[in-house]
Amino acid sequence: MSVFPCQPLILTVHLFGERSLQRLLETRGKPEVIQVDNGSEFTSRALDEWAHRNQIKLHFIEPGKPTQNGVIESFNGKMRDECLNLEWFIDLHHARDIIENWRNDYNTLRPHSSLNNLPPATWALNQAEILALQMG
């Protein structure tokens, strides 16, 4: 099963819309499945239609079982503590700018202990290179 290595998908769907989902497909490739919780942003008709058009299966965790989605729950806590709780947003444009800067830092600069102390973008690039070497 392939999944997006980019963790802030919730943010992307909720604040940035379909354009960002399409950008993820173009930059990361198409996953077979996207795992989501049962929040309103994921049970929307728009997301369902987008997934159907792109032949991507949505896998919903069981309601009331956040431990089934521990990675994203951890990410949500970090984002809340390190970005959302520290900022006052003037308008949606301002929120998008602040959050995009935080997301960029999180994915391209910040080392993650679960990824051998590499930023996710570097880790993903390394994994792609390893896979390319294995494929021949």
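Residues numbered from 1 in each chain as written. Predicted model: local features only at pLDDT ≥ 70, side-chain atom pairs only at ≥ 80, totals over all residues. Heavy atoms only, no water.

## Some details on the confidence of the model for the protein chain
Per-residue pLDDT for the protein chain has a mean of 80; in total, 85% of the residues score no lower than 70. When mean pLDDT is compared element by element in the protein chain, helix α5 (residues 92-108) scores highest at 90, while helix α1 (residues 9-16) scores lowest at 48. Contacts of residues 1-13 to residues separated by more than four positions or lying in other chains number 45 contacts, the stretch itself having pLDDT below 50. (pLDDT = per-residue confidence, 0-100. Helix = DSSP H or I, 4+ residues; strand = E, 2+ residues; numbered from the N terminus. Contact = heavy atoms within 4.5 Å.)

## With respect to the pattern of salt bridges
If you walk through the whole model with that rule in mind, you get three salt bridges. One salt bridge in this structure joins R110 and E82, with 2.6 Å as the shortest N-O distance. One end of the pair, R110, is in the loop between α5 and α6 (120-135); the other, E82, is in helix α4 (residues 70-82), with 28 residues separating them in the sequence. Two residues, E100 and R103, come together in a salt bridge whose shortest N-O distance is 2.7 Å. Note that E100 and R103 are positioned in helix α5 at a spacing of three residues, about one turn of the helix. Looking at E100, the relative accessible area reads 27%, which means it is partly exposed. (Salt bridge = Lys/Arg side-chain N within 4 Å of Asp/Glu carboxyl O. Buried < 20%, exposed > 50% of the residue type's maximum accessible area, 1.4 Å probe, protein only.)

## What to know about the environment of N69
Positionally, N69 belongs in the loop between β2 (57-60) and α4. Judged by relative accessible area, N69 falls into the buried class, the value being 10%. For the pair N69 and D37, spaced 32 residues apart in the sequence, the C-alpha separation amounts to 7.5 Å. With sequence-adjacent residues up to four places away left out, N69 is seen in contact with Q35, V36, D37 and I61.

## Here we look at α6
In this model, α6 (16 residues) spans 22 Å end to end at C-alpha, consistent with the 22 Å of a helix rising 1.5 Å per residue. At the C-terminal side of α6, G136 shows a positive phi close to 110°. (Expected span 1.5 Å × (residues − 1).)

## Observations regarding the packing of α4 against α5
Relative orientation of the contacting elements α4 and α5 amounts to 125°, with a least axis distance of 11 Å. Taken together, α4 and α5 sit at an angle that is classed as oblique. The hand of the α4/α5 crossing is right-handed. Mapping the contact onto sequence places F75, K78, M79 and E82 in α4 and I99, W102 and Y106 in α5. Class assignment for the residues of the contact of α4 with α5 results in five nonpolar, no polar and two charged. (Axes fitted to C-alpha atoms, helices over the stretch in contact; angles between N-to-C directions. Parallel < 35°, antiparallel > 145°, perpendicular 65-115°, else oblique. Left-handed = near helix turned anticlockwise from the far one by under 90°. Nonpolar A, V, L, I, M, F, W, Y, C, P; charged D, E, K, R; others polar.)

## Re α5
Compared with an ideal rise of 1.5 Å per residue, which puts 17 residues at 24 Å, α5 spans 24 Å between its outermost C-alpha atoms and is within 8% of the ideal. Two or three places before H93, at the start of α5, stands the capping residue D91, its side-chain oxygen 3.2 Å from that residue's backbone nitrogen. (Polar contact = N/O pair within 3.5 Å; in protein donor to acceptor, adjacent residues only side chain to side chain.)

## A word on unusual backbone geometry
A positive phi is found at N116, a non-glycine position, where the angle reads about 60°. Looking at the element boundaries, N116 is found in the loop between α5 and α6. One non-glycine residue, N117, lies in the positive phi region at around 60°. Following the sequence through the fold, N117 ends up in the loop between α5 and α6.

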